[in-house]
Amino acid sequence: MVDVPGEGTFMVVHQVDATERTELEEAMMNVTENQAKLLFQIYPRHVLEALAAQGDSIDMTSTAKSHDDVTIMFLDIVGFTSMSDQVAPSKVMALLTSLFSMMDHLADHHGVHKVEIAGDCYIVSGGILEAGADADGFYNVLDTHSPVDSAKRVFNFARDALAGAAKIMMPHNDEPVTLRVGMHTGPCVSGLVGTKQPKFAIFGDTMNTAARMESTGRPGRIQVSEATYALLCGITSTEEWEPTGGVECKGKGCMQTHLWTPTQALELSCSLPADLLLTGVPRVSLLGTLTNLSTTLVKLGMSGRFKASARFNDYPLDFACTTERLDPD
């Protein structure tokens with residue numbers, strides 16, 4: 001308020017455009033929210049609580065947990081090393097992004113814990129974390145679990161992984177991706193390790209044995225240890241299992257294992273989001289819909305021979321075609 005002699009009292013209003021400031025604050029809030037969501041996916045509740053309470057002085061041993069009858073699965077891409085030597089790095093990364101984005105979706109669908117990615121190896125577990133987040137968005141370590149149910153979840157994930165991988169093409173030869181999968185069940189320990197980029201990790205011989213099941217396995221099949229087979233044989237078809245008669249595993253000697261082989265063409269047990277329809281390189285674009293069908297057409301706008309396949313709303317799509325670049329109308 002300003003008093004002007006002989007004129008009276010006036011209100012002076014100073015208007016400032018706060019749009020930019022407001023937008024910045026909203027952006028910061030969104031960043032914070034996104035960071036929180038990312039942390040919730042990386043660390044279970046008890047680890048986040050320890051970090052919040054102890055900060056930089058966190059006692060890593062306070063996050064340690066022991067787990068019994070955990071099923072661990074390793075999978076990798078057959079022929080990945082030779083392929084990566086033949087194509088550009090961008091194509092290797094496109095392939096891995098396509099495949100592992102699909103795996104992430106399948107992990108959520110089957111309620112298994114994505115442990116980590118190491119090179120072309122994707123690792124999951126069943127029996128350590130709850131199948132889904134709680135009401136607050138946190139993932140919690142299980143106090144108890146059903147070993148059979150945990151093994152079943154991991155096995156169903158592995159089956160879908162084989163089916164999904166076959167819908168993605170290798171960039172060097174245009175052939176479907178083939179996986180090698182191994183599983184083992186046993187005890188392990190989890191906890192936070194490292195002060196730089198701290199990681200929630202799983203340790204124990206169960207991890208090593210699961211890795212051996214994968215490395216000594218066969219393309220397109222799932223090799224499991226005796227411990228895992230004992231959990232799965234009662235809930236799967238015996239016709240699909242074959243005893244190996246024993247395989248030599250580094251550091252383990254001869255181990256009795258079983259191989260699971262599909263008796264018919266594998267189909268995914270769930271639909272995939274449209275943006276996961278990737279065929280390695282090039283990435284196909286999704287355009288339009290077919291009349292009376294909830295499906296998406298694939299337009300291949302580049303010269304060359306390409307393959308693509310997917311399922312939309314349980315309707316299968318498969319393509320193998322040769323295209324030529326056309327000038328726009």
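Okay, so let's go over this structure.

Reading the values: the criteria
- Residues numbered from 1 in each chain as written.
- Predicted model: local features only at pLDDT ≥ 70, side-chain atom pairs only at ≥ 80, totals over all residues.
- Heavy atoms only, no water.
- Helix = DSSP H or I, 4+ residues; strand = E, 2+ residues; numbered from the N terminus.
- Buried < 20%, exposed > 50% of the residue type's maximum accessible area, 1.4 Å probe, protein only.
- Contact = heavy atoms within 4.5 Å.
- Areas by Shrake-Rupley, 256 points an atom, 1.4 Å probe, with all protein chains shown as cover.
- Phe/Tyr/Trp six-rings, centres within 6.5 Å; stacked < 30°, edge-to-face > 60°.
- 1 Å grid on protein atoms, 1.4 Å probe; cavity = no way out; pocket = protein on both sides within 12 Å on 5 of 7 lines; lining within 4 Å.
- Points joined across faces, edges and corners; volume = space filled by probe spheres on them.
- Nonpolar A, V, L, I, M, F, W, Y, C, P; charged D, E, K, R; others polar.
- Pairing = 2+ DSSP bridges.
- Core = buried A, V, L, I, M, F, W, Y, C linked by side-chain atoms within 4.5 Å.

## Observations concerning the overall build of the protein chain
Now for step 1: Each helix and strand counted, the protein chain has 7 helices and 16 strands in total.
Now for step 2: When burial is assessed residue by residue, the protein chain has 40% of its 329 residues classed as buried.
Now for step 3: Across the protein chain, contacts joining residues at least 24 apart in sequence account for 62% of those joining residues at least 6 apart.
Now for step 4: Carbon and sulfur atoms make up 51% of the accessible area of the protein chain, which totals about 18,200 Å².

## Concerning the packing of aromatic side chains
Now for step 1: Enumeration over the complete set of coordinates arrives at 5 aromatic pairs.
Now for step 2: For the pair Tyr-122 and Phe-157, a centre-to-centre distance of 6.0 Å together with 20 degrees between the ring planes defines the contact as stacked. Of this pair, Tyr-122 sits in strand β5 (residues 121-126) while Phe-157 sits in helix α5 (residues 147-165), and the two are 35 residues apart along the sequence. Note on accessibility: Tyr-122 and Phe-157 belong to one class, buried.
Now for step 3: Linked through ring pairs, Phe-155, Tyr-229, Trp-241 and Trp-260 together constitute an aromatic cluster.

## Brief notes about the layout of surface pockets
Picture a little ball the size of a water molecule; that probe, rolled over the atoms, points out where space is still empty.
Now for step 1: Of the pockets and cavities examined, the largest pocket occupies roughly 640 Å³.
Now for step 2: Considering the residues around the largest pocket, the lining is formed by 26 residues, among which Gln-41, Ile-42, His-113, Lys-114 and Val-115 are closest to the centre.
Now for step 3: Elements that contribute at least two residues to the lining of the largest pocket include exactly α1 (19-42), α4 (89-110), β4 (113-118) and β7 (199-203).
Now for step 4: Sort the elements by how many residues they give to the lining of the largest pocket and β4 lands first, with 5 residues.
Now for step 5: Of the residues in the lining of the largest pocket, the class split is 15 nonpolar, 5 polar and 6 charged.

## Brief notes about the pairing of strand β6 (residues 179-193)
Now for step 1: Of all 15 residues in β6, 12 are buried, a share of seventy percent or more.
Now for step 2: In terms of strand pairing, strand β3 (residues 65-77) meets β6 through 11 bridges, oriented antiparallel. Within the sheet, the bridge partner assigned to Lys-65 lies in β6 and is Ser-190.
Now for step 3: When β6 meets strand β8 (residues 222-225), the two strands line up parallel, connected through 3 bridges. Paired with Val-181 across the strands is Ile-222, a residue of β8.
Now for step 4: Relative to β7, β6 is paired through 5 bridges, and the arrangement is antiparallel. By the bridge assignment, Leu-192 is partnered in β7 with Phe-200.
Now for step 5: The antiparallel pairing of β6 with β7 creates a hairpin that spans 5 residues between the two strands, and Gly-194 there sits at a positive phi of about 90 degrees.

## Quick notes on the nonpolar core
Now for step 1: If you look at the biggest cluster of nonpolar residues, it comprises 43 residues, and the most contacted ones within it are Met-73, Leu-75, Met-103, Phe-157, Leu-179 and Ile-222.
Now for step 2: Listing elements by their share of this core, those giving two or more residues are β3, α3 (80-84), α4, β5, α5, β6, β8 and α7 (226-232).
Now for step 3: Excluding residues within four positions of it along the chain, Leu-75 makes contact with Met-103, Asp-120, Cys-121, Tyr-122, Phe-157, Ala-161, Leu-179, Arg-180, Val-181 and Glu-214.
Now for step 4: Of all hydrophobic cores here, the second largest spans 14 residues; its members include Ile-72, Val-115, Cys-188 and Ile-202.

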